[in-house]
Amino acid sequence: APWSLMMSLTPSRGCLLDLPWEDILVPHILCHLPLQQLLSLQRVSKSFQSLIQLYLANMRCFDSSQIGPAIPRAAFVNLLKDNEVLQQLVLQNCSDWLTDRELLPVIGQNHHLHHIQLKGCAQLSRHALVAISLSCPNLRRLSLAHCEWVDSLSLRSLADHCKALEAVDLTACRQLKDEAICYLVQKCSRLKSLSLAVNANVGDVAVEEIAKCCPELEHLDLTGCLRVKNDSIRVLAEYCPKLRSLKVKHCHNVAESSLSVLRSRGVELDVEPPMQRALVLLQDVVGFAPFINLQI
């Protein structure tokens, strides 16, 4: 419906483009249209092309998924070349085309970014994270999931310059060890959400430091962190009163003896209590869950 409205208000009718561009069209009309349709709208006329360029230069959020998974490199550069006011940049799974060469200019000219999503952008390098650190002092949310190029030095740069961070996703950043995670949480004590999932190098040292340095922590994902044991989970329960969810699936050294305290506080866990697991297994085997008399 919005697209039909836009196409019906062509310049020949003297309606749409007569409205104030910066006060009406950009903030109140164009913002409701999908980005892909806006790019198509550029082909209507030179006036529409100028209007869309103005919109792109004032865009606060760019999400590559609105266009498609494979954006031509030149097109991405052209879309954001005049924008210096971005607040959110979402470039999820752009490994086919996104490199430092395309990303660094965008980061360098946008100092108001507070949310960056680079999940699965495998062709970037540690220089991308250093650039983010130096250009985005107000960064609050950052996803680097499955970015194996993230190393301890670039993470230290992030910790030194982006102390307002509240949510960081380091899933499958397999170069990172306890020491790097400890440095991050010591500098970024406002963290509310942290994922270290699928990292066999992360152990009790990191988890205990997270607990002691991040009293505001609400969500922690340790899925597949095989070196994490009961002791650090007990410390987590002691020091993080605001914890709302904890993921410890496939952490084979974490048992109910440490999880029970969190469970009693209503913390959402991704593993069931031992008795519940036994009942589910029994139901799978015999096809029903029998009544079990626990009064001994």
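Remember, it's a predicted structure, so these values are computed and weren't measured experimentally.

Trainee: Let's hear about the nonpolar core: which residues, and what values?
Mentor: Looking at soluble globular proteins, one finds that nonpolar side chains tend to be buried together. Phe 62, Leu 89, Leu 91, Leu 144, Leu 170, Leu 222 and Leu 246 are the most contacted members of the largest nonpolar core, which has 88 residues in total. If we skip the residues at most four places from it in the chain, Leu 222 touches Leu 196, Ala 197, Val 207, Val 228, Ile 233, Leu 246, Lys 247, Val 248 and Cys 251.

Trainee: Account for unusual backbone geometry, naming residues and giving values.
Mentor: Of note in this structure, Asn 93 is not a glycine but carries a positive phi near 55°. Within the secondary structure, Asn 93 is located in the loop between β2 (88–90) and α6 (100–108). Look at Asn 93 and you get partly exposed, because its relative accessible area is 43%. The backbone of Ala 172 shows a phi angle near 60°, a positive value even though the residue is not glycine. Locating Ala 172 in the fold gives a position in the loop between β5 (167–169) and α9 (178–187). Residue Ala 172 is classed as buried on the basis of its relative accessible area of 0%.

Trainee: With reference to specific residues and values, describe helix α4 (residues 46–57).
Mentor: With 12 residues, α4 extends 17 Å from end C-alpha to end C-alpha; this agrees with the ideal 16 Å at 1.5 Å per step. Every buried residue of α4 is listed here: Phe 48, Leu 51, Ile 52, Leu 54, Tyr 55 and Leu 56.

Trainee: Quick rundown of the packing of α9 against helix α10 (residues 204–213)? Include the residues and the values.
Mentor: Taken N-terminus to C-terminus, the directions of α9 and α10 make an angle of 5°; their axes are 8 Å apart at the nearest point. The orientation of α9 with respect to α10, classified from their angle, is roughly parallel. Residue-level inspection shows Asp 178, Ile 181, Cys 182, Val 185 and Gln 186 of α9 in contact with α10, the latter providing Asp 204, Val 205, Ala 206, Glu 209, Ile 210 and Cys 213. A per-class count over the contact of α9 with α10 returns 7 nonpolar, 1 polar and 3 charged.

Trainee: If you had to explain the packing of aromatic side chains to someone new, which residues and values would you point to?
Mentor: Scanning all chains against the criterion turns up 2 aromatic pairs. A connected cluster of aromatic rings, assembled from ring pairs, spans Phe 62, Phe 76 and Trp 97.

Trainee: Break down the sheet that holds strand β8 (residues 245–247) for me, citing the residues and quoting the values.
Mentor: Judged by pairing direction, the sheet is parallel, and its 9 strands sit side by side in the order β1-β2-β3-β4-β5-β6-β7-β8-β9 without closing on themselves. Each of the sheet's edge strands pairs with one partner strand only, and the pair in question is β1 (61–63) and β9 (268–269). Bridge analysis of β8 against β9 gives 2 bridges, and the strand direction is parallel. Opposite Ser 245, over in β9, you have Glu 268 as the bridge partner.

Trainee: Lay out the pattern of salt bridges in plain terms, naming residues and giving numbers.
Mentor: It is possible for side chains of opposite charge to pair when their charged atoms get near one another. One pass over the full model with this rule turns up 10 salt bridges. Across the pair Asp 231 and Arg 234 runs a salt bridge, and its minimum N-O distance is 3.1 Å. One end of the pair, Asp 231, and the other, Arg 234, are both in helix α11 (residues 230–239), 3 residues apart, so they sit about a helical turn from each other. Taking relative accessible area as the criterion, Asp 231 reaches 48% and is therefore assigned partly exposed.

Conventions we followed
Residues numbered from 1 in each chain as written. Predicted model: local features only at pLDDT ≥ 70, side-chain atom pairs only at ≥ 80, totals over all residues. Heavy atoms only, no water. Core = buried A, V, L, I, M, F, W, Y, C linked by side-chain atoms within 4.5 Å. Buried < 20%, exposed > 50% of the residue type's maximum accessible area, 1.4 Å probe, protein only. Contact = heavy atoms within 4.5 Å. Helix = DSSP H or I, 4+ residues; strand = E, 2+ residues; numbered from the N terminus. Expected span 1.5 Å × (residues − 1). Axes fitted to C-alpha atoms, helices over the stretch in contact; angles between N-to-C directions. Parallel < 35°, antiparallel > 145°, perpendicular 65-115°, else oblique. Nonpolar A, V, L, I, M, F, W, Y, C, P; charged D, E, K, R; others polar. Phe/Tyr/Trp six-rings, centres within 6.5 Å; stacked < 30°, edge-to-face > 60°. Pairing = 2+ DSSP bridges. Salt bridge = Lys/Arg side-chain N within 4 Å of Asp/Glu carboxyl O.

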